Structures are given as structure tokens and as C-alpha cells.
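What follows is each chain in one-letter form.
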Amino acid sequence: MPSGSNSRLNRRKKPKCPFVFSPNQLKMLQVYRNSSVEWKPAPVVALATSADDYQVAAAREDGSLEIWLVSPGSVGWHCQLTIHGNPNSRVSSLVWCRSGRLFSSSIDGSVSEWDLFDLTQKIALDSIGVAIWQMAVEPCTNPQLNQKQSPKHYENGYVKHRNSESSDSESSENEDGDDSVELHEDHASDNSRIAFACDDGCVRIYIVNDDENLTYKRSLPRVSGRTLSVTWSCDANRIFSGSSDGFIRCWDAKFAHEIYRISVGLGGMGSGSELCIWSLLALRCGTLVSADSIGSVQFWDTQHGTLVNALSNHKGDVNALAASPSHTSVFSAGSDGQVILYKLFMDFAGANDGNITSGVMKKWVYISHVRVHTHDVRALTVAVPISREDAIVERDKKRPRSRSKPLDFSYHKWAHLGMPMLISGGDDTKLFAYSAKEFTKFSPHDICPVPQRPHIQLAVNTIFNQAALLLVQASYWIDILFVREVNRVVSGGAAKTYPVARVKCKASKNITCSAISPSGAVFAYSDHVKPCLFELKRGASSKSPWAVNKRQLPLELPFAHSMVFSVDSSRLMIAGCDRRVFVVDVGSSELVYVFTPHREEHAEELSLAEPPITKMFTSTDGKWLAAVNCFGDVYIFNLETQRQHWFISRLDGHSVTAGGFTPQNSNVLIVSTSSNQVYALDVEAKQLGEWSNHNTFALPRRYQEFPGEVIGLSFPPSSRSSSVIAYSPRAMCLIDFGKPVDGDDNAELANGQDLASKRLHSTLVNGSVNGSLKRKSKESELETKQNSRKNFELCPFRDPVLFVGHLSRTSTLIIDKPWIQVVKSFDTTPVHRHIFGT
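Every residue gets a number counted from 1 within its own chain, in the order that chain's sequence is written. At least 70 in pLDDT is required for a residue's local features to be given in this predicted model, at least 80 for side-chain atom pairs to be given and counted, and no such filter applies to totals for whole chains, interfaces and linings, which use all residues. Each side-chain value is derived from all of the structure's non-hydrogen atoms; neither hydrogens nor water enter the calculation.

**With respect to the overall build of the protein chain**
For clarity, the cut-off: Under the DSSP-based scheme used, a helix requires at least four consecutive residues in state H or I and a strand at least two consecutive residues in state E, with every element numbered from the N terminus. For every residue, the accessible area obtained with a 1.4 Å probe (protein chains only) is divided by the maximum for its type, and the residue is called buried under 20%, exposed over 50%, and partly exposed between those limits. Contacts are assigned to residue pairs with any non-hydrogen atoms lying within 4.5 Å of each other. Note on areas: these come from Shrake-Rupley sampling with a 1.4 Å probe, and a residue is covered only by the protein chains present in the view.
Counting its secondary structure elements, the protein chain contains 9 helices and 57 strands. The burial tally for the protein chain puts 58% of its 838 residues in the buried class. Pairs at least 24 residues apart make up 58% of the contacts formed inside the protein chain by residues separated by at least 6 positions. Carbon and sulfur atoms provide 49% of the accessible area of the protein chain, an area that totals close to 34,700 Å².

**So, the sheet that holds strand β43 (residues 624-629)**
To keep things clear, this is the line we draw: When DSSP locates at least two bridges between a pair of strands, those strands are taken to pair. For helices, the fitted line uses only the C-alpha atoms of the stretch in contact; every axis is such a line through C-alpha atoms, and the angle between N-to-C directions lies from 0 to 180 degrees.
Strand order in the open sheet formed by 4 strands is β42-β43-β44-β45, and the pairing between neighbours is antiparallel. Looking at which strands have only one partner, the edges of the open sheet turn out to be β42 (613-618) and β45 (643-648). With direction set aside, neighbouring strand axes in the sheet form an average angle of 20°.

**Thoughts on the sheet that holds strand β9 (residues 120-125)**
Across the sheet, which stays open at both edges, the 4 strands sit in the order β6-β7-β8-β9 with antiparallel pairing between neighbours. Lying at the two open borders of the sheet, with one neighbouring strand each, are β6 (91-96) and β9. Each strand axis lies, on average, 30° off the axis of its neighbour in the sheet, ignoring direction. Here strand β8 (residues 111-115) runs beside β9; their pairing, made up of 5 bridges, is antiparallel. By the bridge assignment for β9, Ser112 is matched with Ile123.

**What about the pattern of salt bridges?**
Where charged atoms from two side chains of opposite charge come close, those side chains can pair. Put simply, the rule is: For this document, the term salt bridge refers to a Lys or Arg side-chain nitrogen within 4 Å of an Asp or Glu carboxyl oxygen.
Applying the stated criterion to the full structure yields 25 salt bridges. The residue Arg33 makes a salt bridge to Asp816 at a minimum N-O spacing of 2.8 Å. With Arg33 in strand β1 (residues 30-34) and Asp816 in strand β57 (residues 811-816), the pair connects residues that are 783 residues apart, well separated along the chain. Look at Asp816 and you get buried, because its relative accessible area is 0%. Here Lys40 ties to Asp827 by a salt bridge, and the two come within 3.0 Å at their closest N and O atoms. Here Lys40 is found in the loop between β1 and β2 (44-49), whereas its partner Asp827 is found in the segment after α9 (819-824), with 787 residues between them in sequence.

**Focus on the environment of Asn629**
Just so we agree on the cut-off: The definition of a polar contact used here is a pair of N or O atoms within 3.5 Å, where within protein one atom must be able to donate a hydrogen and the other to accept one, and adjacent residues in sequence count solely through side-chain atom pairs.
You can see Asn629 is positioned in strand β43. The buried category is assigned to Asn629, whose relative accessible area is 2%. Along the backbone, Asn629 and Ile613 are 16 residues apart, and their C-alpha atoms lie at a distance of 3.9 Å. Apart from the residues within four sequence positions on either side, Asn629 is in contact with Pro611, Pro612, Ile613, Thr614 and Tyr635. There is a polar contact of 3.0 Å between the side chain of Asn629 and the backbone nitrogen of Gly632. Reaching out from Asn629, the side chain makes a polar contact with the side chain of Tyr635 at a distance of 3.3 Å.

**With respect to the nonpolar core**
So the rule is basically this: What makes a nonpolar core is a set of buried Ala, Val, Leu, Ile, Met, Phe, Trp, Tyr and Cys residues whose side-chain atoms join them at distances within 4.5 Å.
Ranked by size, the top nonpolar core spans 33 residues in total, and within it Ile456, Leu458, Leu470, Met732, Val804, Leu813 and Ile815 carry the most contacts. If you tally residues by element for this core, the top one is strand β56 (residues 801-808), at 5 residues. If you look at the next biggest cluster of nonpolar residues, it comprises 21 residues, including Ala658, Trp691, Ile735 and Phe792.

**Digging into the environment of Gly305**
Mapped onto the elements, Gly305 comes out in the loop between β20 (297-301) and β21 (306-311). Owing to a relative accessible area of 17%, Gly305 belongs among the buried residues under this scheme. As a C-alpha pair, Gly305 and Cys250 span 55 residues in sequence and 8.5 Å in three-dimensional space. In contact with Gly305, not counting residues within four places along its chain, are Tyr260, Ile262 and Trp300.

**Comments concerning the UniProt feature "repeat: WD" (unreviewed entry) in the protein chain**
Just so we agree on the cut-off: UniProt positions are given in the numbering used here, feature names are shortened, and annotations may be inferred rather than shown by experiment.
UniProt tags residues 229-261 and 311-344 as "repeat: WD" (unreviewed entry). Here residues 311-344 is 0% helix and 56% strand, with 13 Å between the C-alpha atoms at its ends.

**Overview of the pairing of strand β34 (residues 513-516)**
Neither face of β34 is open: one carries Cys513 and Ala515, the other Ser514 and Ile516, and all of them are buried. Bridge analysis of β34 against strand β35 (residues 522-526) gives 4 bridges, and the strand direction is antiparallel. Following the sheet pairing, Cys513 is matched in β35 by Ser526. Here β34 hands over to β35 after 5 residues, with Gly520 in that stretch at a positive phi of 80°.

**Section: the packing of aromatic side chains**
Between two aromatic rings, the relevant description is the distance of the centres plus the angle of the planes. For clarity, the cut-off: In this scheme Phe, Tyr and Trp rings, the latter by its six-membered ring, pair at centre separations within 6.5 Å, and the angle between planes marks the pair as stacked below 30 degrees, edge-to-face above 60, and tilted otherwise. Consider the ring centre and the ring normal. A charge sits over the ring if Lys NZ or Arg CZ is within 6 Å of that centre and within 35 degrees of that normal.
Applying the stated criterion across every chain, the model contains 21 aromatic pairs. Ring geometry for Phe523 and Phe534: centres 5.4 Å apart, planes at 20°, overall stacked. In this pair, Phe523 sits in strand β35 while Phe534 sits in strand β36 (residues 531-538), placing the two residues 11 residues apart along the sequence. Overall, Phe534 belongs to the buried group, its relative accessible area being 7%. Above the plane of the ring of Phe247 lies Arg261, whose end atom (NZ or CZ) is 5.6 Å from the centre. Of note, Lys430 hangs over the ring of Trp819, and the distance from its end group to the ring centre comes to 4.4 Å.

**Quick word on the environment of Ser589**
Along the chain, Ser589 turns up in the loop between β40 (581-585) and β41 (590-595). Judged by its relative accessible area of 17%, Ser589 falls in the buried class. A C-alpha to C-alpha distance of 9.1 Å links Ser589 and Arg571, two positions 18 residues apart in sequence. In this structure, Ser589 is in contact with Arg551, Gln552, Pro554 and Val584, ignoring residues within four places of it in sequence. A polar contact of 2.9 Å, which involves the side chain of Ser589, links it to the backbone oxygen of Gln552.

**Examining the confidence of the model for the protein chain**
As a reminder, the rule being used: Confidence of the predictor at the level of single residues is given by pLDDT, which spans 0 to 100.
In this model, the protein chain carries an average pLDDT of 80, and 76% of its residues clear a pLDDT of 70 or more. Taken as a whole, residues 402-409 scores under 50 in pLDDT and shows 14 contacts with residues more than four places along the chain or in a different chain.

**A look at unusual backbone geometry**
For His327, which is not glycine, the phi torsion reads 60° and is therefore positive. In this model, Arg579 sits at a positive phi of 75°, which is unusual for a non-glycine residue. Tracing the sequence through the fold places Arg579 in the loop between β39 (571-576) and β40.

**Considerations on the pairing of β20**
When a strand is regular, its side chains alternate between the sheet's two faces. Burial of β20 is extensive: 5 of the 5 residues sit out of reach of the surface. The alternating pattern of β20 places Val297, Phe299 and Asp301 on one face and Gln298 and Trp300 on the opposite face, and all of these are buried. Judged from the 5 bridges that link them, strand β19 (residues 287-292) and β20 form a sheet pairing that is antiparallel. Residue Leu288 lies in a different strand from β20, and its bridge partner there is Trp300.

**Some words on the state of the cysteines**
Stated precisely, the cut-off is as follows: By convention in this document, the label disulfide applies to cysteine sulfur atom pairs within 2.5 Å.
Under the defined criterion, the tally for this structure stands at 0 disulfides. As a non-bridged cysteine, Cys234 has Cys285 as the owner of its nearest cysteine sulfur, 8.3 Å distant. Judged by relative accessible area, Cys234 falls into the partly exposed class, the value being 26%.

**Details of the side chain of Ser666**
By secondary structure assignment, the location of Ser666 is in the loop between β46 (656-661) and β47 (668-673). A distance of 3.4 Å separates a polar side-chain atom of Ser666 from the backbone nitrogen of Asp621. With residues near it in sequence (within four places) discarded, Ser666 still touches Ser619, Thr620, Asp621, Trp624 and Phe661.

See below:
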């Protein structure tokens, strides 16, 4: 289909500044803004839903894999973990077996298994010699295994469970009509079968064994053209395959012979070598859905292979299909950026016609379409995530009148417990969630406004004339940038970054984590092989004012999932892939101590049940190290006694998204969870802090429905400050732990944004778009002016924000990126849309 530059993207309307500031507010905080950081997320190429229906796996073109879920008690989606896979392997399909094992196929013919506990990618099957276009896992035919059970408790994705779901109104029909086909008899250990659609025209079947490898079972006869799509019937007796020759073939899964063949074309009228069957979907009602390269979605009777409906609403290739849990609604998506809904209707009036089944004619009807993606949509899946059950009284509560309409407020109305969601992903790198039951009523929700956000770390008051250095982690390199303030005017200001050094790793490796020391003298990163340490110095020559020297690290160190420097920059803490924490002396490059995380108080040996550590924070006095695993457990280590001090189980079953020790009190650890709750933990006393005992479960609703997930905390570098800035890609909020928690106003929230918060907090002056930088005022005057501020005041952003950090107590650096700049960096062009009058 034709494609070109999107005129809507190129002609962006400049929004009005939504904030009003007083002269006193402009004197409170000096804000820098910068948009020069490189950021290029990768397209979403495949999606898969877990067997319990609440986790979604998203594979990206750069070889990485993300696991998305909704924590219990929250509304927004969050990325629980990311696995950096092989960047040279192009993923073509994802399948999630009922045993919990996740597999991906590649164009090079290999199959990988993603270990969600060790955060690694393992080769489950070496290349079979031909490309694998699609995989399909055998559906569960055991009624006891297939029955959904209500979960007894939630453990943030760590303990597998299932959501309760009402049974379908329609009963499954026998697909095998006149043929008596025996059920598959391989019931030993309930091993699943996976069918591969291969480039050489074959469908290969493999068995998922209890070990790490896949076992070859058999191949279906080779056909002309490439086999591009494959799916199983709901009873696992038949396999349907679609090819590039325009045919759909129905196979007997046990005897591997062809039962019938369907010539697709448009409405079943002929086929051609240029017609490709990109996706197939078998429904419980006995209907087979096909999506092809000429933009048609067709519905077939699987009993006789006859056409039921042919609909051509797409203007390009149809790439993906998905069905609602009841199998009465079907969704399609394609290269035109559209997501279309079709519904099943029973025509009782046509009972006297010839094309009937049991006296009722089935008819699939086009309902509506949504187009929020700017590029091709490649993948669809349906999930039933855990989410909060919203009270009806809250949904019916009247909102105050306002000049501007609430933005995307609909998500909070339908995102509640047991609500099926359709997830779409494509070349624009975005993931969107739709209401599967009320698709036409509510607008989609942007799950990840900042896909693959780069890791950014700020080092202030470095040894280089107290200058600020910025570390930016990309997939294959580390950038060190020098930050300089410019445009010191009251109305607005900015900060410029100047490149200092770039350290690259091999193209076959992905950087997993990085860190820069507070002094700026050393920085480190780790790839899939080992961690590396570098020293930054001023160069002697004018041509190269900066020099980077590589330092040696102990050879026995494994590659890391997280790393952090101590406050005095003397030690480097490395969270290895083997679940241990290594403490390295930076000066001597020697291993000082190894911490073994454990749950029991007196355990000394490493438990294989401990998940890997993905986040670490150090206290300002150098005494405490907080390590957080990927499921939300927190381990507190005492760096002075070199022992584990405290284990904190998952806080209300949620993941920890951000954290840090307060400069005012080094014994207080502040953490934010995926449900947008804030906890103050007294590390020394091994208990919740006094602030949390009074306020954690009484936070303002405007903060609990924070626009987006809190991804970072920024503390002012002052021992007298009791505040912190919590930020998401969409907004930021200042929390003062020395002030009482203010209640909500009467204003209702719109998409998590408080409409009454347009008057910005005194310390968040115009942080979303235009910042200003002014000379520092005295701390006494600043505290006097801040006494009138309101706690938990929200400040929404206009552009996606990557990082917020304090340069000093009275100045803040904000790294944002207009989405239009990100779109221009994509390799693929946006879908062309004709706009009237242009």
C-alpha cells in the first residue's frame, strides 16, 4: 500500500502553556530542559499472552523482550522486566505454553526460550535450515486443565494464577463432522505440541519436553509456496496452514494428511502466487478466520471449508488476528494502521436457506475501526489483566465544569477487574490497550508512552570543576555528556549537552546496565559477557580534551543486571546474573565482598529461588545498600558489617519502580511501587517509617491515579531538604515528607491528571516544557516561600520525559523528547493518511 510522510505528524499544532505562574513561584526553582539525548526505540514484532491471561510478552525488533502486566490494586500497565536478547536474531513469532514456558521463533530458523526467572535467552532449537514465519501452540483439551480457577492471592507475576472468567454463552461445536478422528494420546506429563510454519512449505511439529530442548515429532507434507501462518483447531485434532500460493489447507493432526484445501482469493474466487495468508485463527464456534495480503478478512466454515463472510475493510496487508475470550468478536490489524472489530450474529430468519448450520445462519459483521498507530500494526493479543475494581459511584460521580475536555479519561472507566483487553503493537514502537467488550465506546490507552526509555544517570558536583555529567545508556554504546546552563531568563531556559566520550561495545552484544560515579571520574557498564570499568580524565592535547582509559575488574565477575557506585565513588556494587552482589574496590580493582541475598535471617547459602536483582540504591552515608529483585522484593545490606540486614517482601504484591535514600536521613529508604504507592522504610529499625504509618494508605487520589507509572525519584542534594520529585513520562509530583498529606479537591481526574493542578507547585515551575534558570536564592528565603505550597501537587508534561534530576537544591534538569522527533528517526515511514483540504 502507498506510504509517505504523515501530514498530521509534520503539521503539529503548538499547544498552549497550561500553567500560570506568579512572580514568587518563578523564584522558587530553576529548571533546565534538554531534548538532545538520542532515543530510538525498536518496533514491536510479536505479542503473546500467558496461559493465565494476565501477562503480555512483547518482542521487539532489536532482540529484546518485555513482560507487561497490571499489578493488583492499580490501573496502569507497567513493564515488570526486560530481557536483552540477541540483537542479530529477528523474532517472527511468540508462543506462551500453558506450562509457563515462553518461546520465540526467528527468521534464521532457530527457536529460543525466554527464562523469565533468570532473565536470559536460551537456544531451545538450533536453526532448522529455513525461516520460521509463525508458531502455534496446541490448545489445552483437558477440561480440568482448561478450566479457569479464581486466584487465591496475587504475587505480582511471581506465583502463577488465573482470573475468574464467565463461561461462554456458545458451546463448542464438533469440527470433524463426518470424519471420526481420535484425540491425541500423548498425555505423558502434559507436554504441548508446537507447530512451525516454515519457509520451505512444510509445517513441522515439535514437542515441548520437561527439559530445555524441543523434540521433533513429524512434518506435514510440503506444499507449493511458503507456509506463512498456522493454527490449531480448538480440539487440537486439526491443523490449518496458510501459504503464499493463496491456499488454506486443513490437516489431520494425527495422521498428517490433507483433509481439504481452500482457495482464498477475494471471496474464494481464485488465487494467485502474490496472495499471502498472513494469519489464521480458529474459533470454538467452528469458524476459521483468515487474513491476507489483499486486505481481506474472511470467515470459513471449518466443517466443510466453505465461505461464510468476506470483508475487505483494510487498505493494505492484514498482519494479525485476535479473538475475544467469548470467541464472538474478532479483531484484525494491518499495514494501514487500523484495528477493526467484527462481531458474530445469528440469523434465524435464514433458516430456510441452504447455507445454514443447525437451523441458524452465522454471519460476521464489520462493526468499527480505530486507528491510533501511525505505522503498520504487526501484532495483536487479548489479555485479562489484574486491575482494580472501580466502584460504580466513582464512575458516575459528576465532574466540575471546565473549559477543556478531559483527555482520554475513558481508560479508568473500563479498566477494572475481569475486563478483557486487546493489545496492539507495531512499527511505531507503541503498545495500545483497548476494551475488548466495549471497543466502540472507549478510546485506546497508550500503555508505554516512552518505549524502551534509555537509562540516564546524572552526576553533579564532579571533580571536573564541579560540572555536571550525564550518562546515557543506549543499546550498543555509553555516552558521557557535559551539561551546561544557558538562557538564564525568567520566562524560560534550557540546558545544552556537549559530548565528552562514547564507549561502544560489540554489535553482537547488548548493554544490560550502567552507572557513573558521583565524582564523575569512573563509570561502568555490563553486556551479556562481563562488566567493564572505565576512567574519565581530562586530555592533555587540545584536539582530544577528554580521555577514557579502561580499568581491570576481577575476572570471576559475571555479567550484571544492575550496578551502582558508593557515594564516595570508592566502591562499585555489581548485581550479577548469578543472583549475588559483588562489591569491588575501584582503586585497587579487587573484589572486597560478595553478598548472597536470602529471605531467611540466618541463611548463608544462595537459594536458587531468589530472583535476580535489577535495581540498587546506596545511602548518602555509605552504610546501606538496597537491592530490589525483578518481582519487588527488597534486600538491605549493611556495607560496614558486610552482612544482610533486612529482607522486605513484596510491598502489597507490587513491583518497585523507583527508590532512593533521603539525604536528610540516611536510614530512610523511599520506594515507589507499580500501584503508585509511596513507602518510607526505616532501614535501621526494620519497619515502616513514621510517615508511612500515617500516610501511605491515605495518599491523595490525584497521586494514586498518577498519569503514568512513576519511573524515577529525584532528591535535592541537601541534608536540610525533606522533599522528593517523583516523575513518570507524563507528569511529575513533589512530595514533602515534612508536611502533612493534603486531601483531594473536588475536581475529578482526567486520565490520571488533576484538572485543578494547573497552578503549578512552587518547586515544579514549568518543568514540562519551558524551564527557567535563575541565580540561587538563600535557603532561608526559599523555605519561607515554600511554606504556602501544596503537598502532592502534579505537573503534567507536554512531551514524553526521559529523566528528571536535581542539579542543585534549587535547580532541576529535565530530559524530554518530542515524539515527532522520535518518529522521524524510524526506519519505516508512517502510514499515509489523506487530510481534507491538503
